[in-house]
Amino acid sequence: RWDSERCRVLFTVFDQDNQLWGAAGRSTANQKPPYLNYWMENRRRFALFGEFRWRERTGPIIVVEGPIDALHVAQASKSVLALSTLGSVTYDQLQRIAALASLTKRAVFLWPDRDDAGEMMFQKASEHLHNLVTTMRVPYPRGCSAKDPAALLQAGIVRLSLDQLLLDSRLV
């Protein structure tokens, strides 16, 4: 979808039952803020981009920050369930991730951006999830300058041997 008034690509967000919750709009013209969200009621704090695919994707759960990262991860591996927190992670989102991981008996892999916000997301998520479900951090390859999962995958640095990357992950 496209928001022509604000020059933003819209990423629609559906829940586990495929009900529309809203959208995240990504600027295509370097506008500030880069993301502008459009939510139905007060659902932002629960929303996870990619969640509606939980039945068809049977592999592990990979949690990233942005929807573009989630799209690249999902495209690179047809089995993983790529979830985006749509920016800063909330405790309500972490509860949903833990419940989904427990229900489907899946491990959770955290793949934050390489910046302060990514490190904050990782700290908050790992502290909350580590006692509830198996949680690991996806590492960036040595010598790689990519700042987020999408950049790493776009550059072909990890021509998704996502399986190998997951094997290299560390328990949180």
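Residues numbered from 1 in each chain as written. Predicted model: local features only at pLDDT ≥ 70, side-chain atom pairs only at ≥ 80, totals over all residues. Heavy atoms only, no water.

Caption draft 1: Quick peek at the sheet that holds strand β2 (residues 8–14). An order of β1-β2-β3-β4 is seen for the 4 strands of this open sheet, with the pairing classed as antiparallel. Taken across any chain shown, the strands that pair with only one partner, and hence form the sheet edges, are β1 (2–3) and β4 (35–39). Against the sheet, helix α1 (residues 67–76) engages β2, β3 (20–27) and β4, with an angle of about 70° to β2. (Pairing = 2+ DSSP bridges. Helix = DSSP H or I, 4+ residues; strand = E, 2+ residues; numbered from the N terminus. Contact = heavy atoms within 4.5 Å. Axes fitted to C-alpha atoms, helices over the stretch in contact; angles between N-to-C directions.)

Caption draft 2: Examining the pattern of salt bridges more closely. The tally for this structure, following the rule as stated, stands at 6 salt bridges. Between D17 and R55 there is a salt bridge, with its nearest N and O atoms 3.8 Å apart. You can see D17 sitting in the loop between β2 and β3 and its partner R55 sitting in the loop between β4 and β5 (61–64), a full 38 residues away along the chain. (Salt bridge = Lys/Arg side-chain N within 4 Å of Asp/Glu carboxyl O.)

Caption draft 3: View of the packing of helix α2 (residues 91–104) against helix α3 (residues 116–129). The interhelical angle for the contact between α2 and α3, taken along N-to-C directions, is 50°, at an axis separation of 10 Å. Classified by the angle their axes make, α2 and α3 are oblique. At the point where α2 passes α3, the crossing takes the right-handed sense. For the pair formed by α2 and α3, the contact residues are Y91, L94, Q95, I97 and A98 on the first element and K124, A125, H128 and L129 on the second. (Parallel < 35°, antiparallel > 145°, perpendicular 65-115°, else oblique. Left-handed = near helix turned anticlockwise from the far one by under 90°.)

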